[in-house]
Amino acid sequence: IAGITQAPTSQILAAGRRMTLRCTQDMRHNAMYWYRQDLGLGLRLIHYSNTAGTTGKGEVPDGYSVSRANTDDFPLTLASAVPSQTSVYFCASSDRAGGPYGYTFGSGTRLTVV
Amino acid sequence: AQTVTQSQPEMSVQEAETVTLSCTYDTSESDYYLFWYKQPPSRQMILVIRQEAYKQQNATENRFSVNFQKAAKSFSLKISDSQLGDAAMYFCAYRSANSWGKLQFGAGTQVVVTP
């Protein structure tokens, strides 16, 4: 089934540890995105990639990094996790960086930093 | 920068009744797109409906329709004949029509459907 696969589904992480959230899509979409969802704040953009080989910062990039070595994969790394990074993380993709398209979303990763 | 505001944290509706979710946005752009997404307890984000700002006609998808008021910067969602499966968090989102526009979301409205 075409779509986005995120892993892990959920994770409990000790503060200070490094963690990489994985995201893979099989739709050959050019643009990919990472959002975090927090109650009362909706979804906020962390980082994005308009096309393979390029990345950019979103609204809340501090403490996170991304890479886009190829079209399909867009991992999100927390270098040293802190409790405020407890959230649900969504990866999304779009055929193009702009245009009237909505995004296709993964099922999310629930991360708890303790 | 654009902002999207959903002022109703929660709305309750009885089965078969109609509920309207409000959304306002702030932008200086004239060309953009607006979306409503549904997030059921499964956590999956599902696109419900989309509206292009240059279109005056309001979008409709089965029981879901929008009231788009461009001058007022308002984009409400009406759910008609509500069903138990409509219970979910609903997010309003904005996307600029420029080449690099990203989806910007409101805080969400939780819809509760009672039998």
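Refer to the structure presented above.
Calculation rules
- Residues numbered from 1 in each chain as written.
- Chains lettered and ligands numbered in written order.
- Predicted model: local features only at pLDDT ≥ 70, side-chain atom pairs only at ≥ 80, totals over all residues.
- Heavy atoms only, no water.
- Contact = heavy atoms within 4.5 Å.
- Buried area = accessible area lost by both parts, 1.4 Å probe.
- Salt bridge = Lys/Arg side-chain N within 4 Å of Asp/Glu carboxyl O.
- Polar contact = N/O pair within 3.5 Å; in protein donor to acceptor, adjacent residues only side chain to side chain.
- Helix = DSSP H or I, 4+ residues; strand = E, 2+ residues; numbered from the N terminus.
- Nonpolar A, V, L, I, M, F, W, Y, C, P; charged D, E, K, R; others polar.

Peer 1: So what's going on with the interface of chain B and chain A? Residues and values would help.
Peer 2: With 20 residues of chain B at the interface, the matching set in chain A holds 28 residues. Interface of chain B and chain A: buried area, both sides summed, is about 1,900 Å²; carbon and sulfur atoms make up 52% of it. Three residues, B:R43, B:R95 and B:K102, lead the burial of chain B against chain A; their summed loss comes to 35% of the area buried on that side. Taken together, chain B and chain A are joined by zero salt bridges. One can count 10 residue pairs in polar contact (both at pLDDT 80 or more) joining chain B with chain A. If you list the elements that add at least two residues to the side of chain B that touches chain A, you get β5 (32–39), β6 (46–52) and β10 (88–96) of chain B. The element best represented in the side of chain B that touches chain A is β5(B), accounting for four residues. Taken together, the residues of the side of chain B that touches chain A sort by class into nine nonpolar, six polar and five charged.

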